[in-house]
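# Notes for the structure review
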Amino acid sequence: MSGGVSGVVLRGRVVTPDQVLDDGVVVTDGARITWVGPAAQAPDGVALPEPAPQPRTYLPGLVDLHCHGGGGAGFPDSPDVATAHVAATEHLRHGTTSLVASLVTADLATLLARTATLAELADTGELAGIHLEGPFLAPARCGAQDPAFMTDGRPDAVRQVAEAARGWLATMTVAPDVPGVLGPDGVAATLGSAGALPSFGHTDATEAVMAGALAQARAQLRAAPAARSGRPTVTHLFNGMAPWHHRAPGPVPAALAAAARGDAVVELVADGVHLAPGTIRAVFALVGAANVALVTDAMAATGMPDGRYVLGPADVVVRGGVARLATAPGEPFEAGAIAGGTAHLLDVLRTTVTAGVDLRDAVTAATATPAAVLGRSDIGALAPGLRADVLEVDGDMRPLRVMRAGEWLYQ
Ligand SMILES: [Zn+2]
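Residues numbered from 1 in each chain as written. Predicted model: local features only at pLDDT ≥ 70, side-chain atom pairs only at ≥ 80, totals over all residues. Heavy atoms only, no water.

## Quick notes on the domain arrangement of the protein
The criterion, for reference: Where a domain begins and ends is set by an automatic assignment or by a domain database. Here's the idea: put two parts together, see how much 1.4 Å probe accessible area each one loses, and the total over both is what we call buried area. Any carboxyl oxygen of Asp or Glu that lies within 4 Å of a side-chain nitrogen of Lys or Arg is treated as forming a salt bridge with it.
When the domains of the protein are assigned, the result is domain 1 (8-60 + 382-410) and domain 2 (62-373). On a C-alpha basis, the centroid separation for the pair domain 1 and domain 2 is 30 Å. Taken together, both faces of the contact between domain 1 and domain 2 bury some 1,700 Å²; the carbon and sulfur share is 67%. Of all residues in domain 1, M397, R404 and Y410 give up the largest surface area on contact with domain 2, accounting jointly for 37% of the area buried on that side. Viewed at the interface, domain 2 and domain 1 are joined by zero salt bridges.

## Overview of the pattern of salt bridges
What counts is decided by this rule: Think of it in three bands: with a 1.4 Å probe and only protein chains considered, a residue is buried below 20% of the maximum accessible area for its type, exposed above 50%, and partly exposed in between.
The tally for this structure, following the rule as stated, stands at 11 salt bridges. D156 is paired through a salt bridge with R154; the nearest N and O atoms lie 2.9 Å apart. For R154, a relative accessible area of 35% puts it in the partly exposed group. Here E392 makes a salt bridge to R401, at a shortest N to O gap of 2.9 Å. Bridged by salt links that share partners, the residues R56, E392 and R401 form one connected network.

## A few points about the coordination of the zinc ion
Inclusion rule: Water is not part of the atom set, so a site may look incomplete; the donors themselves are N, O and S atoms within 2.8 Å of the metal, or 3.2 Å for Na, K and Ca. Helix and strand assignments come from DSSP, with helices taken as H or I runs of at least 4 residues and strands as E runs of at least 2, each series counted from the N terminus.
Protein coordination at the zinc ion comes from H66 (NE2), H68 (NE2), E133 (OE) and D297 (OD), with a distance range of 2.0 to 2.2 Å. Within one chain, the residues donating to the zinc ion are spaced in sequence as H-x1-H-x64-E-x163-D. A residue pair is termed long-range when its members are at least 10 positions apart, and H68 in the loop between strand 5 (62-67) and strand 6 (69-70) and E133 in strand 9 (residues 129-133) qualify at 65 residues. Across the pair, exposure class does not vary: H68 and E133 are buried alike.

Dropping the structure here:
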């Protein structure tokens, strides 16, 4: 630290990978974090600010692997960069400094066009990657997605999408029970060769098929030189798949077993709508935070009032913050399938902590674990050498300021 410290010195409660420091300090220099530790041990030359009168907590910038939009704009409905920018900004304002933009099932031409648009936003650093949810999904578990566009697996289509994504294709949700997805030349293997990950979901697979798919994908990713990381993921565990019945177990126990071994990462939409608090708590207890990625599955209505929205080709009604497919006249609101979330990742983090998950574990699942999925070792924690992505929150875990790469963006 000789020569003095330029940059920013933050003091408050600090959540590091190893502990929660009640009186901690984060020091940044330019775009990087240079020091993190207890205030009492701050290096010479660091000008310590007085502790803030109001409690404030510093978290790593959040990393969301599954997000369809916000601020009134949806990635599946973004004809141009400006529209997608609105959605990305809505989440950045609330602390998501690394955002993967998700598309929904559509025809191939639409997917290629949207992917190319999102790749432009990734080139500028506004997006951390692109996720395609479909189209190789099980129509029986389509959720809010349009089964008319769901097809058997087409590795050639994966190659076209990867080309349009120019290196930014991070994950694709695929159903292992759909023909053409598994096998040495299937969609899952093609994703791995293209530097993307298969994320199993929207599936009617049995326990055996899901277990086999996860094992095969794990082996293929380990052998693929271009793989961004070695573990397949599971798209919003529990949602879009059969529940765990003890005589017909379905995909859930296979996903949990693989995650518990460290062979897969399970997404949880822990927003208070998609999963009960006890489910969230149990999954963390069973598989550990290193194998859970908290995600929003957020759609355009995030940060917006109740009303009517679209999610790709689908009409969606949002009531009380819950998004559901619009129903026919006379049918109740509740008859529509849940059509994504309306929470920011910081809201999901808060809901997870309220459910009884340890703060440090919840933060890991919203930062370090999804960063590892992306193959990014430069983000996802408050630690020296990492990019200075810092989220300052108040005592109720509401966002106060957001720093990305050392710059305050919103305060
Ligand atoms: Zn989704």
